[in-house]
Amino acid sequence: MEIFDPIFEAIGWLLALFYSVIPNFGVAIILLTFTIMLILYPLTAKQAKSMTPSFSSVIDNDAIYHFSPRIIEILRTCPLLPHEF
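Procedures and definitions
- Residues numbered from 1 in each chain as written.
- Predicted model: local features only at pLDDT ≥ 70, side-chain atom pairs only at ≥ 80, totals over all residues.
- Heavy atoms only, no water.
- Helix = DSSP H or I, 4+ residues; strand = E, 2+ residues; numbered from the N terminus.
- Contact = heavy atoms within 4.5 Å.
- Axes fitted to C-alpha atoms, helices over the stretch in contact; angles between N-to-C directions.
- Parallel < 35°, antiparallel > 145°, perpendicular 65-115°, else oblique.
- Left-handed = near helix turned anticlockwise from the far one by under 90°.
- Nonpolar A, V, L, I, M, F, W, Y, C, P; charged D, E, K, R; others polar.

1. Here we look at the environment of L32
Inference 1: Within the element layout of this structure, L32 appears in helix α2 (residues 25-51).
Inference 2: Residues L32 and G12, spaced 20 residues apart in sequence, show a C-alpha to C-alpha distance of 9.5 Å.
Inference 3: Beyond its immediate stretch of four places on either side in the chain, L32 contacts I11, L14, L15 and F18.

The structure is reproduced here in structure tokens:
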């Protein structure tokens, strides 16, 4: 598809550049992968942040769902959850 040709050419150019520096296709592909991951990191971080439910919304939902005090205490002390209160 012609619409993706500039992207394909840029990836091919980067792969050729990495291969000219280190003449090993395996290493060149790994470097290309890391480069693409670095370019896409801002989008990935923004998506992950928007998908993380805020802890305060869980506490606010207590009025709707009537969580037991024991559940609320477990949520407050859980080291895996972000604490935003």
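What follows continues from the structure just given.
2. Thoughts on the packing of helix α1 (residues 5-21) against α2
A pair of packed helices can be characterised by two numbers: the angle between their axes and the separation between those axes.
Inference 1: Orientation of α1 relative to α2, taken along the N-to-C sense of each, is 130°, at an axis distance of 9 Å. Taken together, the axes of α1 and α2 lie oblique to each other. The interaxial crossing formed by α1 with α2 has right-handed handedness. Counting all contacts with α1, which are made through I11, L14, L15, F18 and Y19, the residues of α2 involved are F25, A28, I29, L31, L32, T35 and I36.
Inference 2: Taken together, the residues of the contact of α1 with α2 break down into 11 nonpolar, 1 polar and no charged.

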